[in-house]
Each structure stands twice: as C-alpha cells, then as structure tokens.
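Listed below, chain by chain, are the residues.
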Amino acid sequence: MAVKNKQVDPNKYSKNKDIDPESKRSVLYSVISMGLMLIGIVGIALELFREDGWLKMLLHKIFQSTTNMMAIPVIILVLWLLNRWMTSPNKSEMSKNGDFPMYVMMAIGAYYSYKLVTTGSF
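Residues numbered from 1 in each chain as written. Predicted model: local features only at pLDDT ≥ 70, side-chain atom pairs only at ≥ 80, totals over all residues. Heavy atoms only, no water.

Caption draft 1: Region of interest: the overall build of the protein. Within the protein one finds 5 helices and 0 strands. Tracing the protein from N to C terminus, the helices and strands come up as α-α-α-α-α. For the protein, buried positions account for 11% of its 122 residues. In the protein, of all internal contacts separated by at least 6 residues, the share reaching a separation of at least 24 is 55%. (Helix = DSSP H or I, 4+ residues; strand = E, 2+ residues; numbered from the N terminus. Buried < 20%, exposed > 50% of the residue type's maximum accessible area, 1.4 Å probe, protein only. Contact = heavy atoms within 4.5 Å.)

Structure follows, in structure tokens:
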C-alpha cells in the first residue's frame, strides 16, 4: 500500500487576504448591545422576584381558578410555536428571526438604563 505524497498549497490562505478584522465601531456596538441586554436581564429579574413582583402576580392569577389553569397548555403551545418560528430548520444557516429577542432585550435594557439614570434605581 503506497502513501501518496500530499502537496501543500503555499497560497492556501490567499483566499482570506481580503477579510478585515473587526473595526472599533463594531466592537463598540457589540459591547453596548451586550451591556443593554445584561441591564435588561437584571431589570426583568428584579421585577420578577421582588416582594410583589410579576411572578407572584402571574402565579396568583393562573392558580386562582381552574378556568385560568387551562391557559397553561396554551402558553406552552405558544412558546413552542415561537421557538419553532425563531430557530432555523437547517443548523448550517442562521435565521434572522432569532435576532428579534435580542433587539427586544436591548430595548428593555434601554428602558431600565433610562429608569436607572433618571430615578437612581430600577
């Protein structure tokens, strides 16, 4: 069994010569968007888990009657459909619908940032 001698292409990276590194503007945009998302997550977490927060109110409303408890399967179905809509069927390609939650979280982060600057707390 003979092993063929593989020839290495000396210019195998020449196809990447036109790729530019990330600019300072794109790095700044990424840092700002990540910061807004983190502020949004912290703001929502504080609203959910405070003394009379959203979670306590939601659980009280759902378990108030058996009619309201029938909404649980509907909520699960809506969340499942939302997940199917946002994810791409092919793993090799990206779906732009998945960016929507990121922009929503950035908007929530902008709201909580404004609230933090104007009132001094979330």
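Caption draft 2: Structural detail: the pattern of salt bridges. For the structure shown, the criterion picks out 3 salt bridges. A salt bridge links lysine 115 to glutamate 47; the shortest N-O distance between them is 4.0 Å. Separated by 68 residues along the polypeptide, lysine 115 in helix H5 (residues 99–119) and glutamate 47 in helix H1 (residues 24–49) bring together distant segments of the chain. Glutamate 47 gets classed as buried once you look at its relative accessible area, which sits at 10%. A salt bridge links lysine 56 to aspartate 52; the nearest nitrogen and oxygen atoms lie 3.5 Å apart. Lysine 56 gets classed as partly exposed once you look at its relative accessible area, which sits at 48%. (Salt bridge = Lys/Arg side-chain N within 4 Å of Asp/Glu carboxyl O.)

Caption draft 3: The arrangement of the UniProt feature "transmembrane region" (unreviewed entry) in the protein in detail. Within this numbering scheme, the UniProt entry marks residues 27–46 and 58–80 as carrying the feature "transmembrane region" (unreviewed entry). As a span, residues 27–46 carries 100% helix and 0% strand, and end to end its C-alpha atoms are 29 Å apart. Secondary structure within residues 58–80 divides into 83% helix and 0% strand; the distance between the first and last C-alpha atoms comes to 19 Å. (UniProt positions renumbered as here; feature names shortened; annotations may be inferred.)

Caption draft 4: Up close: the confidence of the model for the protein. With 83% of its residues at a pLDDT of 70 or more, the protein shows a mean pLDDT of 82. Within the protein, no element has a lower average pLDDT than helix H3 (residues 66–69), which sits at 82, and none a higher one than H1, at 92. (pLDDT = per-residue confidence, 0-100.)

Caption draft 5: Structural detail: H5. Taking 1.5 Å of rise per residue, the 21 residues of H5 would be expected to cover 30 Å, and the 30 Å separating its terminal C-alpha atoms lies within 8% of that figure. Buried within H5 are the following residues: Met106, Gly109, Tyr112 and Ser113. Within H5, the buried residues cover an arc of 130 degrees as seen down the axis, which keeps them to one side. Looking at H5, the residues exposed on the side facing more than 90 degrees away from the buried face are Tyr114 and Thr119. Where H5 is buried, its residues contact H1 and helix H2 (54–62). Trailing H5 by a residue or two, glycine 120 shows a phi angle of about 90 degrees, which is positive. (Expected span 1.5 Å × (residues − 1). Arc of directions from axis to C-beta.)

Caption draft 6: The arrangement of a nonpolar patch on the surface in detail. A cluster of nonpolar side chains, Phe49, Leu55, Leu58, Leu59, Phe63 and Met69, forms an exposed patch at the surface whose accessible area comes to about 590 Å². Tallying contributions element by element places H2 first for the nonpolar patch, with 3 residues. Along the polypeptide, leucine 55 turns up in helix H2. Residue leucine 55 is classed as partly exposed on the basis of its relative accessible area of 32%. (Patch = residues over 30% accessible without salt bridge, like charges linked within 9 Å, V, L, I, M, F, W, Y side chains within 5 Å. Areas by Shrake-Rupley, 256 points an atom, 1.4 Å probe, with all protein chains shown as cover.)

Caption draft 7: Main features of the environment of glycine 43. Positionally, glycine 43 belongs in helix H1. The buried category is assigned to glycine 43, whose relative accessible area is 0%. A C-alpha to C-alpha distance of 9.2 Å links glycine 43 and tyrosine 111, two positions 68 residues apart in sequence. The residues touching glycine 43, leaving out its near neighbours within four places in the chain, are Tyr112 and Phe122.

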